[in-house]
Protein chains: 2
Amino acid sequence: MPATTGHTIHGDHHHHGWDNALAPALTVAPGSTIEFECLDASGGQLTAASTVADVAVMDFGKVNPVTGPVFIDGAEPGDAVKIAIESFAPSGFGWTANIPGFGLLADQFPDPALHLWSYDKISLAPAAFSSHACVPLKPFAGTIGLALAEPGLHSVVPPRRVGGNLDIRDLSAGVTLYLPVEVAGGLFSVGDTHAAQGDGEICGTAIESPMSVTLTLDLVKDAGLASPRFTTPGPVTRHLDAAGYDVTTGVGPDLMTGAREAVARMIDLLTATRGMTPVDAYMLCSVCGDLRISEIVDVPNWVVSFYFPRVVFN
Amino acid sequence: MPATTGHTIHGDHHHHGWDNALAPALTVAPGSTIEFECLDASGGQLTAASTVADVAVMDFGKVNPVTGPVFIDGAEPGDAVKIAIESFAPSGFGWTANIPGFGLLADQFPDPALHLWSYDKISLAPAAFSSHACVPLKPFAGTIGLALAEPGLHSVVPPRRVGGNLDIRDLSAGVTLYLPVEVAGGLFSVGDTHAAQGDGEICGTAIESPMSVTLTLDLVKDAGLASPRFTTPGPVTRHLDAAGYDVTTGVGPDLMTGAREAVARMIDLLTATRGMTPVDAYMLCSVCGDLRISEIVDVPNWVVSFYFPRVVFN
């Protein structure tokens, strides 16, 4: 049963980037449950009426708005904010784009591309990707974090030790997340909500989807936490794994090169066997395929594997 | 039902390293099923009577023997060997070691350590790690590969585009693996059998365990394969995922550093909460915990996550 929220922060209380001088949108006692209305990562620039032309002219000054910040009474540097991820209320609309210059294979995919998704926001049944595939959904917030100790405005794009744009696919309902506090009150914000994503978010976007998120924010005093940590209540890949995986590999002395090779080989496989265009395969991989490090000790070559779940073709 | 083998290659037909001038131990037609007796990665130097002193004096010239090679009639450069991984017959004995100078955190763990495992080779029930944990088993061959085109002897330690010491945990029974052929006959060998391992094999060893492996070797002509690829018949982590995961992260611009930080933080967590020594936590993480790349696009910082399955403490 969802927690009862005592507070709602509406989507107009959003900000771009992290700045510990921002005025709180809300101040709460530890243990408070809050509903956050989150915009999509385009900040509303992409809608169900958008075309690929809209990707090319997006204003990047408006991307990845986060809702907040919330000042948590008593939070001090050295503490951790304990976040119980209660529930998501997805909107039913989503988009996935290839944005030129962004993504693991940006050099190979220079042109903009856009896929619009429509999904059942109640059943969360797998969502159709054209006629090619149906992708299981598992909503989460891509960006979830606290303000940094360093003053000034910091880009929202990179994640940091205090969290932020972590894009960790498994931060879904039921998870408990811990983030290290660096400023009084913590200054918590959340956004960049996704209806589904694979580990890696390889094309740079997921199923980007506006939705409300309900969280309970609590404190652990003197936690001594160095970076985000979380606990999942149960399995994390059962929505994807039932039909097994096709797996490609990249073998060599650099993990980034290995990841790029593993993904490129999966795109080759999908285009050869499923009749998809390369950019469609790239976007599909981003929303459901997983990057794993199979081996990181057999000097000098490591193995990065890309796991594509065959259930999306069933 | 297991395939009926037409051939057995005994463990004395092993070699150290890859060399395309090695005489085949066996020549077979495509489609042949073969039983391989595989030694453990120490080549029998570590036994159920071993102590940590034996790790310190191991002869590294004898590590990672592989059984073979098998010449597959008709295999030519440009083809792929298609390997149906039929079954494993584990021995019931295993070892996990911290070998000085080897492993993801070799700088932090300079001293040798050894854990001996005894498991039920029929039931494959989870195996006890002292009083701390019981680790679910899933046998596979860590080293599985073909000879390289380049002449001479090549170390068995690093995996390469033709396979070898891949240490991919999911190459278990039921999987179909494809490897690129570079020399006539392919010259297939297998060894380094593991009763269990986590993704990454972070301390450098798994549950190292002698066992027999039954494989069917077939050919795909003109496959155009650039590196190993495989297909799993179903889920890959259900032996580990039922009780959920504790997850630590490393956030920053280098995947290797991120992996090291994520693992070090998990070791800190396990020592703080489970009363284990750091080196025990390190070895336990190696046999059951998974390295995943959560995010690889949010420039300039990536997120590597280490997933520890709580089921081992149930």
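The model shown is predicted, which means the values in this text are computed figures rather than measured ones.

### Overview of the overall build of chain A
Then, number 1: The secondary structure content of chain A amounts to three helices and 19 strands.
Then, number 2: In terms of overall size, chain A behaves like a compact globule, its C-alpha atoms giving a radius of gyration of 19 Å where 314 residues would be expected to give roughly 20 Å.
Then, number 3: In terms of principal-axis extent, the alpha carbons of chain A reach across some 55 × 50 × 40 Å.
Then, number 4: Across the 314 residues that make up chain A, the buried fraction comes to 62%.
Then, number 5: By sequence separation, contacts in chain A at least 24 residues apart represent 78% of the contacts at least 6 residues apart.
Then, number 6: Surface exposure of chain A reaches about 10,200 Å², of which carbon and sulfur atoms provide 55%.
Then, number 7: Of the charged side chains in chain A, 15 are positive and 33 negative, and the gap between their average positions amounts to 6 Å.

### Some words on the confidence of the model for chain A
Then, number 1: Per-residue confidence for chain A gives a mean pLDDT of 97; residues scoring 70 or more make up 99%.
Then, number 2: The ipTM assigned to the predicted complex is 0.98, against a pTM of 0.98.

### Remarks on the nonpolar core
Where a protein is soluble and globular, its nonpolar side chains tend to be buried together.
Then, number 1: Grouped together as the largest cluster of nonpolar side chains are 168 residues, with contacts concentrated most on Phe188 of chain A together with Phe188 of chain B.
Then, number 2: Here phenylalanine 188 of chain A is in contact with Phe36, Thr67, Gly68, Pro69, Val70, Ile83, Ile144, Gly145, Leu146, Leu179, Leu215 and Leu217 of chain A, once residues within four sequence places are set aside.

### Focus on helix H2 (residues 255-274) of chain B
Then, number 1: An ideal rise of 1.5 Å per residue puts 28 Å on 20 residues; H2 of chain B measures up with 28 Å between its terminal C-alpha atoms.
Then, number 2: Along H2 of chain B, the residues classified as buried are Leu255, Gly258, Ala259, Ala262, Val263, Ala264, Met266, Ile267, Leu269 and Leu270 of chain B.
Then, number 3: Against strand E16 (229-231) and helix H2 (255-274) of chain A together with strand E17 (245-252), helix H3 (278-288), strand E18 (290-295) and strand E19 (302-309) of chain B lie the buried residues of H2 of chain B.
Then, number 4: N-cap assignment for H2 of chain B: the residue whose side-chain oxygen lies 3.3 Å from the backbone N of methionine 256 of chain B is aspartate 254 of chain B.
Then, number 5: Immediately downstream of H2 of chain B, the backbone of glycine 275 of chain B shows phi near 65°, a positive value.

### Focus on the state of the cysteines
Then, number 1: With the rule as written, the count across this model stands at zero disulfides over all chains.
Then, number 2: Free cysteine: cysteine 134 of chain A, not disulfide-bonded; nearest cysteine sulfur from cysteine 288 of chain A at 11 Å.

### Quick word on the pattern of salt bridges
Residues and elements named next belong to chain B.
Then, number 1: What the rule picks out here adds up to 26 salt bridges over all chains.
Then, number 2: The partner of aspartate 199 in a salt bridge is arginine 169, and the shortest N-O contact between them spans 3.3 Å. Remark: arginine 169 occurs in the loop between strand E12 (163-164) and strand E13 (176-180) and aspartate 199 occurs in the loop between strand E14 (186-194) and strand E15 (211-220); sequence separation between them is 30 residues. For the pair formed by aspartate 199 and arginine 169, the shared burial category is buried.

### Describing the packing of aromatic side chains
For any pair of aromatic rings, the description consists of the separation of the ring centres together with the inter-plane angle of the planes.
Then, number 1: Scanning all chains against the criterion turns up twelve aromatic pairs over all chains.
Then, number 2: Aromatic side chains phenylalanine 109 of chain B and tyrosine 282 of chain B sit 4.3 Å apart centroid to centroid with 15° between the ring planes, which places their arrangement in the stacked category. With a gap of 173 residues between them, phenylalanine 109 of chain B in the loop between strand E7 (93-98) and strand E8 (113-118) and tyrosine 282 of chain B in helix H3 connect regions that are remote in the sequence.
Then, number 3: Judged by its relative accessible area of 10%, phenylalanine 109 of chain B falls in the buried class.
Then, number 4: By relative accessible area, tyrosine 282 of chain B is classed as buried at 0%.
Then, number 5: Chaining the aromatic ring pairs together yields one cluster made of Phe230 of chain A together with Tyr245 and Tyr307 of chain B.
Then, number 6: If you follow arginine 229 of chain A out to its NZ or CZ, it ends over the ring of tyrosine 178 of chain A, 4.5 Å from the centre.
Then, number 7: The aromatic ring of phenylalanine 313 of chain B is capped on one face by arginine 274 of chain B, whose charged end is 3.9 Å from the ring centroid.

### Thoughts on the relation of the copies chain B and chain A
Then, number 1: Between chain B and chain A, which share one sequence, the superposing operator has a rotation angle of 180° and an axial displacement of 0.0 Å; the RMSD is 0.0 Å. In short, the pair behaves as if placed about a two-fold rotation axis. Proximity to the rotation axis, assessed at the C-alpha, singles out arginine 292 of chain B in chain B; its C-alpha lies 2.2 Å from the axis.
Then, number 2: Most of the interface of chain B is mirrored in chain A, where 100% of its interface residues again form contacts.

### Details of the interface of chain B and chain A
Then, number 1: On the side of chain A, 63 residues touch chain B, which itself brings 63 residues to the contact.
Then, number 2: For the chain B and chain A pair, buried surface summed over both sides reaches about 5,000 Å², with 58% attributable to carbon and sulfur atoms.
Then, number 3: Counting across the interface, chain B meets chain A through two salt bridges.
Then, number 4: Applying the counting rule to chain B against chain A returns 30 residue pairs in polar contact (both at pLDDT 80 or more).
Then, number 5: Elements with a minimum of two residues in the side of chain B that touches chain A: strand E16 (229-231), E17, H2, E18 and E19 of chain B.
Then, number 6: Examining the composition of the side of chain B that touches chain A, we find that six residues originate from one element, E17 of chain B, more than from any other.
Then, number 7: In terms of residue class, the side of chain B that touches chain A is made up of 33 nonpolar, 16 polar and 14 charged.

Conventions adopted
Residues numbered from 1 in each chain as written. Chains lettered and ligands numbered in written order. Predicted model: local features only at pLDDT ≥ 70, side-chain atom pairs only at ≥ 80, totals over all residues. Heavy atoms only, no water. Helix = DSSP H or I, 4+ residues; strand = E, 2+ residues; numbered from the N terminus. Rg over C-alpha atoms; globule rule 2.2 N^0.38 Å. Buried < 20%, exposed > 50% of the residue type's maximum accessible area, 1.4 Å probe, protein only. Contact = heavy atoms within 4.5 Å. Areas by Shrake-Rupley, 256 points an atom, 1.4 Å probe, with all protein chains shown as cover. Lys, Arg positive; Asp, Glu negative; His and termini not counted. Charge placed at Lys NZ, Arg CZ, Asp CG, Glu CD. pLDDT = per-residue confidence, 0-100. Core = buried A, V, L, I, M, F, W, Y, C linked by side-chain atoms within 4.5 Å. Expected span 1.5 Å × (residues − 1). Polar contact = N/O pair within 3.5 Å; in protein donor to acceptor, adjacent residues only side chain to side chain. Disulfide = S-S within 2.5 Å. Salt bridge = Lys/Arg side-chain N within 4 Å of Asp/Glu carboxyl O. Phe/Tyr/Trp six-rings, centres within 6.5 Å; stacked < 30°, edge-to-face > 60°. Lys NZ or Arg CZ within 6 Å of the ring centre and 35° of its normal. Least-squares fit on C-alpha atoms with pLDDT ≥ 70 in both. Buried area = accessible area lost by both parts, 1.4 Å probe. Nonpolar A, V, L, I, M, F, W, Y, C, P; charged D, E, K, R; others polar.

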